[in-house]
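What follows is the residue order along each chain.
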Amino acid sequence: MIKASEIYKRFLTVEALRGVSLEVAQGEIVAIVGASGAGKSTLLQILGTLMAADSGRVEIAGKDCTTMGEKELAAFRNRHIGFVFQFHHLLPEFTALENVAMPALIGGAERKDAFSRAAELLDMVGLSERTTHKPVELSGGEQQRVAIARALINRPSVVLADEPTGNLDTASRDQIHSLLLDIRREFNQTIVMVTHDMSLADSVDRKIVMSDGAIL
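Residues numbered from 1 in each chain as written. Predicted model: local features only at pLDDT ≥ 70, side-chain atom pairs only at ≥ 80, totals over all residues. Heavy atoms only, no water.

Colleague: Explain the sheet that holds strand β10 (residues 214-215) residue by residue, including any values.
Modeller: Neighbouring strands of a sheet are bound in pairs by backbone hydrogen bonds; such pairs are parallel or else antiparallel. Spatial ordering of the open sheet is given by β6-β7-β8-β3-β9-β10, a layout of six strands whose pairing is mixed. The open sheet has two edge strands, β6 (81-85) and β10, and neither has a second partner. Pairing analysis gives four bridges linking strand β3 (residues 29-33) to strand β9 (residues 206-211), with the strands arranged parallel. Within β9, the position partnered with Ala31 by the bridge is Lys207. Running over the sheet, helix α2 (residues 70-80) touches β6 and β7 (158-162) and is turned about 75° from β6. Lying on the sheet, helix α5 (residues 140-152) is in contact with β6 and β7; it crosses β6 at an angle near 170°. (Pairing = 2+ DSSP bridges. Helix = DSSP H or I, 4+ residues; strand = E, 2+ residues; numbered from the N terminus. Contact = heavy atoms within 4.5 Å. Axes fitted to C-alpha atoms, helices over the stretch in contact; angles between N-to-C directions.)

Colleague: I'd love a proper account of the sheet that holds strand β2 (residues 14-24), names of residues and values included.
Modeller: With respect to topology, four strands assemble into an open sheet ordered β2-β1-β4-β5, the strand pairing being antiparallel. This sheet does not close on itself; its edge strands, each paired only once, are β2 and β5 (63-64).

Colleague: Let's hear about helix α3 (residues 96-106): which residues, and what values?
Modeller: Inspection of α3 places Ala96, Leu97, Asn99, Val100, Ala101, Pro103 and Ala104 among the buried residues, and these make up the whole buried set. Buried-residue contacts for α3 involve α2, α4 (111-124) and α5. (Buried < 20%, exposed > 50% of the residue type's maximum accessible area, 1.4 Å probe, protein only.)

This is how it looks when you write it as structure tokens:
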């Protein structure tokens, strides 16, 4: 599902990624771990096409993302990649239902279909009673569950998560752990996450350790 080959990335004098290559299978959950500054988040952003590598190749679902123009890449990202960040990035003026439906609406889905799918996903993450609540009315764990539902709205090929439990208390963190595993069982979803949470990293299929811009 994901194939990255010889990824290099430099920021001024800092070589953030040094020839990173990896493959992730359909339905696999992979955790990328390592010390701060190891290159984890840079790699995740390049896999998610949010940042261009200096050289190398990224393929998702058999498509070479490195050859796409900006417009094509934006459409591909909307359709094939779901994102979950440490800070949920929900739009404060919209309800949970509207936030989840937003990527589908941007992608051209009919409003009725987008909201129906959003309601189904909010029910799946245990928030069927909170659909009309705005982010400020939700707990941190609830906000992150909304963000996960939003990441799934377009049935993406992959979900990329950057410290998805990094801003949560222990109880909420455990709920997100269980939810990510449930998503894989329900949808055979491919998930790649960056995390410092070793209990989460130890619970997934494979742990990739990075140091100084390379995979150990």
